[in-house]
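Next come the chains, spelled out residue by residue.
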Amino acid sequence: MKNKHIPELLCPSGDMASLLGAISAGADAVYLGLDIFNARIRADNFTLDNVSEAISLCHAHGVKVFVTLNIAIYEKEIPLLLEYASRLWTAGVDAVIVSDLGIITLLREHFPELEIHASTQCTAHNLDGVSMLQKMGCKRVVVARELDKKNISYIKSNTSAEIEAFVHGAHCMSVSGQCLMSYALGGRSGNRGECAQPCRLPYSINKKQSYMLSLKDMSLAPHLSELSDIGVDSYKIEGRMKSDAYVYGVGSIYRRLIDNGRNAEKGELRTLEALFSRQGFTDGYFKGAIDSSMLGVRSEDDKVRTSNIATDIPELKKPQITVSARFVLGEKATLTLRYSGKSATVYADIVEEAKNAPMSKEDIIKSLSKFGQTPFELGAIEIEKSDNIMVRVSKLNALRREAVSKLLSYGREPIDPIYKPKSICASKDKIRSAFFLDPDKIPDDVSYFDRIYVYVDRYKRDKRINGIALPPVIFDNEWTSIEKMLEKAKNDGIKYALVSNIGQIERVKKYGFISQANFRFNAFNRPCVRFLHDLGFDSVIMSPELSLRQLEDFKGESVVAYGKIPVMTTHKCILKDSVGCDKCKGYMKDRVDAEFYAEGIFSHRNVIFNSVPVYMADKIDEISSFSHHFIFTDESKDECAGIIYAYKNKIKSLKGFRRIK
Ligand SMILES: [Zn+2]
């Protein structure tokens, strides 16, 4: 019989109570965040002070701890981030979960042995993306939640990187790492962990209002045997904002399913739904069955079911320690602690003869039995001692503490990283580039621009077009058609490529395009920009989330100087139920009647654009030290020409807009 693959059960914990819930449920590993650098900043989270305690507790129970450092990091935050990483390293963290490409390279450089997992925020959705992240030093990659079974299987069978997949919990409407909705609406950046969840609000298209961005929670509990056949290494449960009862309840069901090697039965699914759901669960992405049945909101019914379910979390029993100590005259004092196959031995000074009152066995037992402040309790104790010896009580206590910490830590040498920003080698020539969503809207005279990009699947031979843009998401089974398009464009003499994802770089290189990195890489800092240049990009479009002041470090790189920035990229069409997919374009209105243009793109994904464009024509001098990128979406051909005219002549806008401030 072939060895049955046993995946890791990875549970969330937003605070100490849910951490205990996760351990009690039988988690193999937990992930948790600190008070900063963390994508769930609204959870209670942990601090540098109590995270060591959390790690010790988990390690005592044989549970691994992964700490999330999974937000985009500003340049000025890097020294503090490295300090945090250093503290986590010595505290014995098992891995850090990172989303910022620059930070991955930096941590790899400063902490060669620290295990790094690439967050789902890295938008890894194809084999090339996973391979690139592995090459950067990530041992594990969390793959995009939108992948179907075949695509997960393809990735897993072709990589040696560990693959972690979400199996249960909330879905994001936007592909992770590609959502600026919360930022655009109220300045609370999802990429910085501040998501205000605008996807849970109602919107309307053609006056038809619905919760078109609110997905049901996912549950792959009915598909665990398929995931196990694929060989997915880690099953991740979402929910760092959820209660300890939720973490325990969901975790213990998955523990049982993994241990029994089976899928959930109806009763178990009902319990999972009662613990938390939004009108039931969806497995639409996994099955590739993508339709409006995937949508759902938290109903009154759901809330009643949750309040009716009683979850008793069993009290966590402390692991029992076996203590053996030797105090033999003329030899070094020795203390050994043992539990569940692990042991730690520590030594103290040579044991001396007592001058006054000798130490009794009971005195020694008393000192060596105190495990109150540790995650352990005393099991058996065995003392071997000579008569008439003297050992100070303070020595005994110190010896016990040393042994406990040795038992829990990895004996890691402290690392004190010093951040030296590297040059980012931006090109000297400033570039003006423009992306046209609709190639038919390209004005006749586009001599203002050096590069004109259109989506590669919309590309037709046209003397104005000299660049192709790759769609934001390309699954492995879609490469064959994309590569044909790339080849055609290359044969037509197209020179430039606008690249959107870490999983596209190698293919584009293969065709020899001069490549520019789109803002979709979320470039926030110098290590990220440097990394992208090292990969061969001649120019990087910086994240539109950066302020003018934050951009100062990146002179010579590109900024979005004009246009509606995509605020969401969705795998499910939001237009199907309103305007229909023949047209697959329309305006989504929010509750204050702001209009977001949405359109179906390659492979019928949608891009939703911001309601107002970035506009800097009259403030162009403020961004004169950067290359400029323009995004044309729903403008008419004449309006596009008008924008070019306005930027040439520094003309003020009469419509609503946003600035780079
Ligand atoms: Zn559609």
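Residues numbered from 1 in each chain as written. Predicted model: local features only at pLDDT ≥ 70, side-chain atom pairs only at ≥ 80, totals over all residues.

Novice: Give me the lowdown on the overall build of the chain, citing residues and values where you can.
Specialist: A tally of helices and strands in the chain yields 19 helices and 31 strands. For the chain, the C-alpha radius of gyration of 28 Å lies close to 26 Å, the compact-globule estimate for 661 residues. The dimensions of the chain, computed from C-alpha atoms along their principal axes, are 100 × 55 × 50 Å. Here the chain holds 661 residues, and 49% of them are scored as buried. Within the chain, counting contacts between residues at least 6 apart in sequence, those at least 24 apart form 67% of the total. (Helix = DSSP H or I, 4+ residues; strand = E, 2+ residues; numbered from the N terminus. Rg over C-alpha atoms; globule rule 2.2 N^0.38 Å. Buried ≥ 20, exposed ≤ 12 C-beta atoms within 10 Å, placed from the backbone. Contact = placed C-beta atoms within 7 Å.)

Novice: An account of the sheet that holds strand S30 (residues 614–615) is needed here, citing residue identities and associated values.
Specialist: Sheets are built from strands that pair by backbone hydrogen bonding, the pairs being arranged parallel or antiparallel. An order of S24-S23-S22-S21-S20-S19-S31-S25-S30 is seen for the nine strands of this open sheet, with the pairing classed as mixed. Lying at the two open borders of the sheet, with one neighbouring strand each, are strand S24 (539–540) and S30. (Pairing = 2+ DSSP bridges.)

Novice: Let's hear about the nonpolar core: which residues, and what values?
Specialist: Core analysis: the biggest nonpolar cluster contains 205 residues, and Val30, Ala85, Val96, Leu107, Val141 and Val143 have the highest contact counts within it. With residues up to four places along the chain from it excluded, the contact list for Val30 reads Cys11, Ser13, Leu19, Ala22, Cys58, Val63 and Val65. (Core = buried A, V, L, I, M, F, W, Y, C linked by C-beta atoms within 7 Å.)

Novice: Go over unusual backbone geometry, please, and point to the residues and values.
Specialist: Backbone geometry at Lys207 places phi at a positive 65 degrees, although glycine is not the residue there. Here Lys207 is to be found in the loop between strand S8 (203–205) and strand S9 (208–210). In this structure, Cys584 takes a positive phi of about 55 degrees despite not being glycine. Counting through the fold element by element, Cys584 comes out in the loop between strand S26 (566–570) and strand S27 (585–589).

Novice: I'd like to hear about the packing of helix H9 (residues 244–260) against helix H10 (residues 266–275), residue by residue, with values.
Specialist: Viewed as axis vectors pointing N to C, H9 and H10 meet at an angle of 160 degrees, and their least axial separation amounts to 10 Å. The angle between H9 and H10 falls in the class roughly antiparallel. Here H9 and H10 pass one another in a crossing that is left-handed. Here H9 contributes Tyr246, Gly249, Val250 and Ile253 to the contact with H10, which in turn contributes Glu268, Thr271, Leu272 and Leu275. Class assignment of the residues belonging to the contact of H9 with H10 gives a composition of five nonpolar, two polar and one charged. (Axes fitted to C-alpha atoms, helices over the stretch in contact; angles between N-to-C directions. Parallel < 35°, antiparallel > 145°, perpendicular 65-115°, else oblique. Left-handed = near helix turned anticlockwise from the far one by under 90°. Nonpolar A, V, L, I, M, F, W, Y, C, P; charged D, E, K, R; others polar.)

Novice: Let's hear about the domain arrangement of the chain: which residues, and what values?
Specialist: You can read the domains of the chain as domain 1 (8–171 + 215–267 + 281–291), domain 2 (320–408) and domain 3 (432–565 + 610–648). Computed over C-alpha atoms, the centres of domain 1 and domain 3 are 32 Å apart. Residue-level contacts link 26 residues of domain 1 with 23 residues of domain 3. Every element with two or more residues in the side of domain 1 that touches domain 3 is listed here: helix H4 (101–110), helix H5 (127–135) and helix H6 (149–157). Looking at side-chain class alone, the side of domain 1 that touches domain 3 contains 15 nonpolar, seven polar and four charged residues. (Domains from an automatic or database assignment.)

Novice: Give me the lowdown on H4, citing residues and values where you can.
Specialist: Considered for burial, the residues of H4 that qualify are Leu101, Gly102, Ile103, Ile104, Leu106 and Leu107. Here the buried face of H4 lies against strand S3 (64–69), helix H3 (78–91), strand S4 (95–98), strand S5 (116–118), strand S6 (138–142) and helix H17 (526–534).

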